[in-house]
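# Examination of the molecular architecture
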Amino acid sequence: MADLRKVLISDNVDPKCKSTLEANGIQVTMNTKLSPSELIAEISDYDGLIVRSATKVTAEVINAGKNLKIIGRAGTGVDNIDISAATERGVIVMNTPGGNTLSAAEHTCTLMVCLARQVPQAAASMREGRWDRKKFMGIELFGKTLGIIGLGRIGREVATRMQSFGVRTIGYDPIVPAEAAKEFNVEFFELNDLWPQCDFITVHTPLIPQTRGLLGDETFAKCKKGVRVINCARGGIIDEAALLRALQSGQCAGAALDVFEQEPPQNTELVQHPNVIPVCHLGASTVEAQSRVAVEIAEQFVDFNEGKSLFGAINARAMVKALSPSAKSLVKLGERLGRLIEILYGLEACKEISIAANGPDYGDAPSFLPAAVLSGVLASNASGVTLNLVNAPDFAKKKGITAKATHYATTDSRYRNTITVSVGGHTFGGTVIGNSSPIFSELDGNQLHSPINALGNVVIGRGPAVCAPKFMTIMAEHGISTHACSGCSDIGMLDVSKVVPEDVLNKMRSVPEAEFAAML
């Protein structure tokens, strides 16, 4: 369970969102009138936040959310959420990648038809009392070539619909291979080969550094004279200044824009150009889409809270397969092993960490164990930030620390499955008994004769074996009993009844033979 108790909805979403959350035991506040400062003041009371596009979830908002675990976007685009800040705080960011698909695809096709036949301009002329039949000469779509940039859900739906008009569909996507594009009748081309073929171009990509200004002066110069463009994705993918120049020169015959670099748009010359169809970001504005994304984000929150799935998560790849009870126990074991190696050898010795998930049941473990181990390694070096599977890899990267995990189908241990963590020639290991009892089973390459509860109050000591009874005596004098003791070589572990205070640890460290003593 993720323990989502209270969720704030700060934008207008379908009431089904609130009712779905409440039906699953989550308390919901819906307040769509919060100013940025009011949101910062309120957010600390909530475990989750759901927004559309109006609320700007800034780093200030995220840092003020002391209990914030998850931010949900009822829609696709998340450019109103500071994902870097959320990741740094260990907050999951989630969207509803499929909820707007049909509405956005239909909207794109609608604008393409309008571009071909100048329907909005003709309607505006009629309202002004004119009958300009000759002025609005259009073109047929049949036989034309549509270039689709981005062959994800929306791009595929656009292709399928426009093919029914007899349009040839070609496309490009850096992730979708040519073989996959063939399955929905799209011919795949690299961008430089695609531009000269297109009568129409539509973009369906996120706005990232690689796509900002994708259609600019250089691109328009490579296109057919008279190309028409549609953007229902994100403002900024088409360079608006370059588009205006292309329209003025006739290189571009028309543009249909549902999104802009600034919204509302500041480039009034572009909006008022007679060959531009400007629309006020309506791609997802259908009754069906808004109902769908509201229910989907609520259901995704519920599934996360119940440990079922993490569908739609953008910045929590390591958590996707770490929600089951058995996986959560492995995460805890990984964290403790990471903490162990950092205590024994220090952060500088942990720059390269090798992890092995051994046994038939740990096949998914490499997807989350590196983040888990890194959480433990960096726990005392995170500047007050609580590390988890979301933010630990980011912190590790900044400190030049890497962790890699490999699965092996068998194990040499007496246990069916084990995890081992190795650094600088030292290997430590453990396993999970049942689904919920992590134990340490290996110290510095040696099997423990008696396992130690990995989640207990564990004292780590280094020195000859005679240190252990002396440690136990000192702790007993202060009312601390020892549940279990095990060790090998010069490292020992004591599972004790409570956390050992620092003054007691100092007495243990003063034992002449002792080299080291610390709480795990």
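These notes cover the structure that comes with them.

Rules of the game
- Residues numbered from 1 in each chain as written.
- Predicted model: local features only at pLDDT ≥ 70, side-chain atom pairs only at ≥ 80, totals over all residues.
- Heavy atoms only, no water.
- Pairing = 2+ DSSP bridges.
- Helix = DSSP H or I, 4+ residues; strand = E, 2+ residues; numbered from the N terminus.
- Contact = heavy atoms within 4.5 Å.
- Axes fitted to C-alpha atoms, helices over the stretch in contact; angles between N-to-C directions.
- Buried < 20%, exposed > 50% of the residue type's maximum accessible area, 1.4 Å probe, protein only.
- Lys, Arg positive; Asp, Glu negative; His and termini not counted.
- Salt bridge = Lys/Arg side-chain N within 4 Å of Asp/Glu carboxyl O.
- Polar contact = N/O pair within 3.5 Å; in protein donor to acceptor, adjacent residues only side chain to side chain.
- Core = buried A, V, L, I, M, F, W, Y, C linked by side-chain atoms within 4.5 Å.
- Arc of directions from axis to C-beta.

Another point: the sheet that holds strand β9 (residues 200-203). Reading across from one edge, β8-β7-β6-β9-β10-β11-β12 is the order of the seven strands in this open sheet, with parallel pairing throughout. Edge strands, defined here as strands with exactly one partner in the open sheet, are β8 (187-188) and β12 (276-278). Sheet contacts for helix α5 (residues 101-117): β6 (145-149), β9, β10 (227-231), β11 (252-257) and β12; angle to β10, the most-contacted strand, approximately 150°. Packed on one face of the sheet, helix α7 (residues 153-163) meets β6, β7 (168-172) and β9 and runs near 170° to β6.

What follows is about the side chain of D258. Topologically, D258 is positioned in the loop between β11 and α12 (268-271). Buried within the structure, D258 lacks any salt-bridge partner; its nearest side chain of opposite charge belongs to R234, at an N-O separation of 7.4 Å. Of note is the side chain of D258, whose polar atom sits 2.9 Å from the backbone nitrogen of G283. Look past the residues within four positions of D258 in its chain and what remains in contact with it is H107, L111, N231, C232, E263, V279, C280, H281, L282 and G283.

Time to look at the environment of H273. Take H273: it is sitting in the loop between α12 and β12. Considering only alpha carbons, one finds H273 and G254, 19 residues apart in sequence, at a separation of 9.2 Å. Each residue touching H273, except ones within four places of it in the same chain, is listed here: L244, L247 and Q248.

Core analysis: the biggest nonpolar cluster contains 79 residues, and L21 and I353 have the highest contact counts within it. Ranked by the residues each element gives to this core, the list is headed by helix α14 (residues 325-345), at nine residues. Apart from residues lying up to four places away in sequence, I353 is in contact with I341, V373, L374, V377, I401, T402, A403, K404, V421 and S422. Ranked by size, the runner-up nonpolar core spans 28 residues in total, among them W195, C198, A246 and V276.

This part covers α7. Along α7, the positions that sit buried rather than exposed are G155, V158, A159 and M162. Taken end-on, α7 shows its buried residues confined to a sector of 100°, consistent with a single buried face. Tucked inside the fold, the buried residues of α7 contact α5, β6, β7 and β9.

A separate point is the sheet that holds strand β19 (residues 457-462). Taking strand neighbours across the sheet as the criterion, the four strands line up as β20-β21-β19-β22 in an open arrangement whose pairing is antiparallel. Every interior strand has two partners, whereas the edge strands, β20 (482-488) and β22 (516-519), have only one. Strand after strand, the sheet turns through a mean of 15° between neighbouring axes, direction not considered. Looking at chain direction, β19 and strand β21 (residues 491-496) are connected through six bridges and run antiparallel. Bridging from a neighbouring strand, V459 pairs with L494 of β21. Against the sheet, helix α18 (residues 502-509) engages β19 and β22, with an angle of about 160° to β22.

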